[in-house]
Each structure stands twice: as C-alpha cells, then as structure tokens.
Amino acid sequence: MKTASGSVRKLMPESNIHPKVMVLPAGSHSSSRNGGRLALAQQCCPILKTVLPGKTWLCPVLLDRPVKNTFFPVKGLKHEAEPVKVLFESFLGGYEDFRDPPPFSSFGNRQNGPSREPLLDDLLYYWAQELPTSFDPANPELASLAYYPMKIVAEEWMSYLTVMRQTIKEYEYSLEDLDGNSTLTSSLDRLKSDLTSLQSWRRRILSTRQKTRAVLRFLEAHSDGIAEHRSLAAVENDYKYLVTEVQEYGSRLESILPVITSMVQIVDSRRALAETSSVTRLTYLAVVFVPLTFTSGLFSMSGSLAPGENLFWLYFVVAFPLTVVVFMAARPPAPLRALKERCQRLKAWSTNSIRK
C-alpha cells in the first residue's frame, strides 16, 4: 500500500477488527514520484470446512473489511481520538493476475482482471471464472477450497518481496558513503536510524518466514491430494520459492547489520578523532599562554617592569625562552624522543644484564 507522505507511525483502521498497518520510514526505497510512502497492511482470510449429515458440507470463509482511508494514529498501546485521512493505492498496481494468458485469437474478448482491492471481490471473480482443477463438488479438500486465497496471498507476498529487495538494496553501504558532504553527526544519525529500521525488518522477515512455512506445512499435510493435481502442486512450488527467497533476504539482512554496526563505530571513531584534534589545539594555546601569564604575573610585583618602564624588555627576554622550554617539554621534538627511547632501551638492557 502506498500512502501519502507523513510522519512515521502505526495506523489503526476505523473498524471493529484492527489489522496492523505500518508506515515505513522515509527513504528512496519507500518514496514514490509523488512523494508517497509505503505502508504494510495485514489482513486475514480464515477458512473452515465442516461435514454435515447427509454427505453435505459447509465452508465458511471469513474476510476482513477492505482497508478504508480513515485511520487512527497509534501511540504506544492507545490510539489518538482524532482520525486522519490517508489517500492510498496498491503497490505497483496490485498483485499480478496468476491465470494463464488467453490465446491471441481471444485476447480482445477477455474480461478485465480482478479489482485487487477487496479480497471478497477477487475471490468471487476467480471462482466465477474457473473452478480449481482439484475441486470436487461432492466432497472438496480443504486445500482445494483454499486454492484461490493461497494464490492471491502468494502474489501479495511477491509484492512484499519486491519491497524487501528494494529496502535491503537501499541499506547496502560502503565506506564511500561516509566520504560525502554530510557531517559526521548527520552520518551517525542516519546510520543509527537505518540500524533501527533494519532491526524492524529483521523481525518482519522472521514473521514472514514463519507464516510462509506454516502455509507450506499445510500443503505438505495434504500432499496426497497435491500429487494428483497440478494446480495444488504449483501452489506448493510457489510457497517453496517464497520460503527460499525470504531465507535469502534474511541472510543478506544478517550480513548487512554487522556492516552498519561497524560503520557506526567508524563514524564514532572519526568524531572522537575530530574532538581530540580540537582538544589538541586548545592544549597548544594553553601551552603558549600559560608561560606568558605566569611571566606577566611574576613581573607585576615590581613597578619598574610595567609597560613603558625602563625594565619592561626583561618580560620578553624571560617569557619567550620560557614558552619555548615549556612547549618542548610538553611535545619534545623527534630527535629528543628518539634519544629518550634509546635511553629507555639501554636502561632495560642494563637491567636485564644485571639480573642475568
């Protein structure tokens, strides 16, 4: 579902049953040409078959209400009292029609595809067009009754995989992304925000894996009927493909998380180095001004050393050499540091020789 732009939040539809609607964070992977945002809407379609006396059967199919454009923003466990209007449309025009294409001779006579809006209309459309080959009117299997719901859901999962693929591609970073014009603070904020979003996607992928595997286990439990009908075998292959793809995207996501975590550490290190450089400059300034301040305080005890007096030149004679000495003591030049290291090594060698 593609929504209008707005803040990132959860939405609750205006109905007695509250399916989950999650607006994804803004980004190139969730933006459209008209500034829209992607949202994930969850719906259910329970199917129950019962056999009645007299070799008759009954199969109630429960469907959620279609998602309207009135929502309540959710904050924590409560929703706000004021509803909001959200204009939305199906992602990429809705799922792809899974029926076989018509022959070229009858291409112009074929009716339009499903509406792809209310699930009830789509189910009625497919059942009116063609009965599943595995459907037995006398005593149908539950898998044949759930054929069209499972096919529609599989196509919706394919659209979901498209969103997942675009999202993971958006979060594939490299070190070149940190060398742009953005500041370290903005880069760190962006990385932390992406890390939070990836953690949410990690939970979604785990949930998706559980749901697709549950459908696959249901189909495997009816493997006897599936072996006799190609239509149910095709559905099983669809869900096997979905399970494999979700597993692959989950692996790619797991490989991205350590990369972003490492990049957060790199940005933190760069910011720490920048702060250290600033502190170093302040230290140099302090090294320069502390001797000057000390000297001025020292000579302020005598009036003949004040500016304009005959002994004022002594201030510069004492202050500047003292500043150089203090600066060299704080940061010795390379030859002195090398001499110091040689003396330390010589001392350590002498100590070891005495012990032996």
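The chain goes by Mg2+ transporter protein CorA-like/Zinc transport protein ZntB in an unreviewed UniProt entry, where it is assigned to Botryosphaeria dothidea.

Draft legend 1. View of the layout of surface pockets. Space inside the second largest pocket adds up to approximately 370 Å³. Lining the second largest pocket are 14 residues, with R99, D100, E130, Y147 and S231 positioned closest to its centre. Of all elements in the fold, only α3 (147-170) and α6 (230-299) reach the threshold of two or more residues within the lining of the second largest pocket. Among the residues making up the lining of the second largest pocket, the classes are represented as 6 nonpolar, 2 polar and 6 charged.

Draft legend 2. Spatial organisation of the pairing of strand β4 (residues 37-41). Within β4, 4 of the 5 residues are buried, which leaves it mostly tucked inside the rest of the structure. Here strand β3 (residues 21-23) runs beside β4; their pairing, made up of 3 bridges, is antiparallel. Each bridged residue has a counterpart across the sheet, and for M22 the counterpart in β4 is L40.

Draft legend 3. Structural context of α3. Across its 24 residues, α3 extends 35 Å between first and last C-alpha, which sits within 8% of the 34 Å expected from 1.5 Å per residue. The buried fraction of α3 amounts to 17 of the 24 residues, a majority that puts the element mostly inside the structure.

Draft legend 4. Layout of helix α1 (residues 119-129). Here α1 has its buried residues at D122, L123, Y125 and Y126. Down the axis, α1 shows its buried residues gathered within 160° of arc, on one side only. Residues of α1 that are exposed and point over 90 degrees away from its buried face: L124 and A128. Buried residues belonging to α1 abut α3.

Draft legend 5. Focus on the UniProt feature "transmembrane region" (unreviewed entry) in the chain. Under the feature "transmembrane region" (unreviewed entry), the UniProt entry names residues 279-299 and 311-330. Span residues 311-330 is 90% helix and 0% strand, its end C-alpha atoms 30 Å apart.

Draft legend 6. Local environment of the environment of W201. In this structure, W201 sits in helix α4 (residues 184-221). For W201, a relative accessible area of 3% gives the class buried. Between the C-alpha atoms of W201 and G250, which are 49 residues apart in sequence, the distance is 9.0 Å. When near neighbours in sequence (up to four residues on either side) are disregarded, W201 contacts L24, Y160, V163, M164, T167, Y171 and L253.

Draft legend 7. Molecular detail of the pattern of salt bridges. Scanning all chains against the criterion turns up 3 salt bridges. For K151, the salt bridge identified is with D238, shortest N-O distance 2.9 Å. Within this pair, whereas K151 is found in helix α3, its partner D238 is found in helix α6, the two being separated by 87 residues in sequence. A residue is classified by how much of its surface remains accessible, and K151, at 9% relative accessible area, is buried.

Draft legend 8. The arrangement of the nonpolar core in detail. With 44 residues, the main nonpolar core has Y126, M164, L198, W201 and Y239 as its most contacted residues. For this core, the secondary structure elements donating two or more residues are β4, α1, α3, α4 and α6. Here this core takes 14 residues from α6, the largest share from any one element. Aside from chain neighbours lying at most four places away, what touches Y126 is Y95, D97, F98, R99, P114, Y148 and I152. Membership of the second largest hydrophobic core comes to 7 residues, among which are A39, V67, F71 and V86.

Draft legend 9. Fine view of the packing of aromatic side chains. Summed over all chains, the structure comprises 11 aromatic pairs. Both rings, one in F98 and one in Y126, keep their centres 4.4 Å apart while their planes meet at 20°; by these two values the pair is stacked. Placement of F98 in the loop between β10 (88-89) and α1 and of Y126 in helix α1 is noted, with a sequence separation of 28 residues between them. Assessed through its relative accessible area of 15%, F98 is described here as buried. Considering the side-chain rings of W127 and Y148, the 5.5 Å spacing of their centres and the 75° angle between planes classify their relative orientation as edge-to-face. Of the two residues, W127 sits in helix α1 while Y148 sits in helix α3, which places them 21 residues apart along the sequence. With relative accessibility at 24%, the residue W127 sits in the partly exposed group.

Draft legend 10. Broad picture of the confidence of the model for the chain. In this model, the chain carries an average pLDDT of 76, and 78% of its residues clear a pLDDT of 70 or more. Of all the helices and strands in the chain, strand β1 (residues 2-3) carries the lowest mean pLDDT, 43, while strand β6 (residues 56-58) carries the highest, 89. Here residues 1-8 is a poorly scored stretch, pLDDT under 50, and it has 36 contacts once near neighbours within four places are set aside; other chains count. Note that residues 28-33 has pLDDT below 50 and, in this model, 13 contacts with residues that lie over four places away or in other chains.

Parameters at a glance
- Residues numbered from 1 in each chain as written.
- Predicted model: local features only at pLDDT ≥ 70, side-chain atom pairs only at ≥ 80, totals over all residues.
- Heavy atoms only, no water.
- 1 Å grid on protein atoms, 1.4 Å probe; cavity = no way out; pocket = protein on both sides within 12 Å on 5 of 7 lines; lining within 4 Å.
- Points joined across faces, edges and corners; volume = space filled by probe spheres on them.
- Helix = DSSP H or I, 4+ residues; strand = E, 2+ residues; numbered from the N terminus.
- Nonpolar A, V, L, I, M, F, W, Y, C, P; charged D, E, K, R; others polar.
- Buried < 20%, exposed > 50% of the residue type's maximum accessible area, 1.4 Å probe, protein only.
- Pairing = 2+ DSSP bridges.
- Expected span 1.5 Å × (residues − 1).
- Arc of directions from axis to C-beta.
- Contact = heavy atoms within 4.5 Å.
- UniProt positions renumbered as here; feature names shortened; annotations may be inferred.
- Salt bridge = Lys/Arg side-chain N within 4 Å of Asp/Glu carboxyl O.
- Core = buried A, V, L, I, M, F, W, Y, C linked by side-chain atoms within 4.5 Å.
- Phe/Tyr/Trp six-rings, centres within 6.5 Å; stacked < 30°, edge-to-face > 60°.
- pLDDT = per-residue confidence, 0-100.

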